[in-house]
Amino acid sequence: MTAKRLPYFEERSEPIAERIATGLHKLGLAMKQQAWLRANEEGLSATQGQILAVLVMDGALSGKELGERLGVTLPTISDSVRALVDKQLVTKSPDPRHPRASLVKPTKKGRALGARARAWPEFMAGAVAELSPAEQSAFYAGVVKMIRALQEQGLVPVSGMCVTCAYFRPHVRAGGSPHHCAFVDAPLAAAQLRLDCPEHALASDGARQTLREQLAQPG
Ligand code: SF4
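Chemist: Pulling in residues and values, what's your account of the side chain of histidine 180?
Modeler: Checked against the element boundaries, histidine 180 lands in strand S5 (residues 179-181). Polar side-chain contacts of histidine 180 include one of 2.7 Å to the side chain of arginine 173.

Chemist: Lay out the domain arrangement of the protein chain in plain terms, naming residues and giving numbers.
Modeler: For the protein chain, the assigned domains read domain 1 (18-121) and domain 2 (131-216). Listed per partner, the contact involves eight residues of domain 1 and five residues of domain 2. Contact between domain 1 and domain 2 buries roughly 470 Å² in total, counting both sides, with carbon and sulfur atoms accounting for 70%. Its largest share of buried area at the contact with domain 2, domain 1 owes to Leu24, Met57 and Arg69, together 62% of the area lost on that side. Taken together, domain 1 and domain 2 are joined by one salt bridge.

Chemist: Let's hear about helix H5 (residues 74-86): which residues, and what values?
Modeler: One turn of the α-helix equals 3.6 residues, which is why residues spaced by three or four share an orientation. Taking 1.5 Å per residue, 13 residues should reach 18 Å; H5 reaches 18 Å between its end C-alpha atoms and fits that length. Buried within H5 are the following residues: Ile77, Ser80, Val81 and Leu84. The arc enclosing the buried residues of H5, seen along the axis, measures out at 100 degrees, which places them on a common side. Away from the buried face of H5 by more than 90 degrees, exposed residues Pro75, Arg82 and Asp86 are located. Lining the buried residues of H5 we find helix H3 (46-58), helix H4 (63-70), strand S2 (90-95) and strand S3 (98-106). Once H5 ends, the next one or two residues include glutamine 88, with phi positive near 60 degrees.

About the cut-offs
Residues numbered from 1 in each chain as written. Predicted model: local features only at pLDDT ≥ 70, side-chain atom pairs only at ≥ 80, totals over all residues. Heavy atoms only, no water. Helix = DSSP H or I, 4+ residues; strand = E, 2+ residues; numbered from the N terminus. Polar contact = N/O pair within 3.5 Å; in protein donor to acceptor, adjacent residues only side chain to side chain. Domains from an automatic or database assignment. Contact = heavy atoms within 4.5 Å. Buried area = accessible area lost by both parts, 1.4 Å probe. Salt bridge = Lys/Arg side-chain N within 4 Å of Asp/Glu carboxyl O. Expected span 1.5 Å × (residues − 1). Buried < 20%, exposed > 50% of the residue type's maximum accessible area, 1.4 Å probe, protein only. Arc of directions from axis to C-beta.

Dropping the structure here:
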């Protein structure tokens, strides 16, 4: 019998954008579950682990800065920091920049835990390794673009990304490394764009718009 060749899935499939969103949701759940499990093993909450991971990367920060980095409210940060102080994983000292604020700093034990917490998302690297180099490059370019769009909507903390950085110079030369970082004065390939650079300096609204337009143009 001849197989029916109706466009069955064409009629029944959601648009690819929706399917990508569903896939990202599943990846997000896996990340969340792993973070929760690893944090539990270390006797921390996931937020406490994320705070330590950020402090290892960025050094001493105020509660407000921690909230901005993690996209978490100040009361949640305050509760988590209090718990970390009790566990002797961070200390608080006056912030010389703001007389009424405190600086949160990791202790030696907190730094060691923070370094381990930074590795929590690494389980995902095994799945990413299943992609070919070309698929990884395309995926990374898509991830960078999506995060930037969400940042501009205020849905993801604005920090660390080349594409919103005052030092970023897109498409300044031909070849495999068309972009440039003016901070270290070095060329950058698309696959080397950073998502969590400690030297990131947020460009002004107008400059970010210009960067977006420059990046959208073919190199
Ligand atoms: S300072 Fe960091 S975020 Fe800014 S362009 Fe250079 S590498 Fe990218």
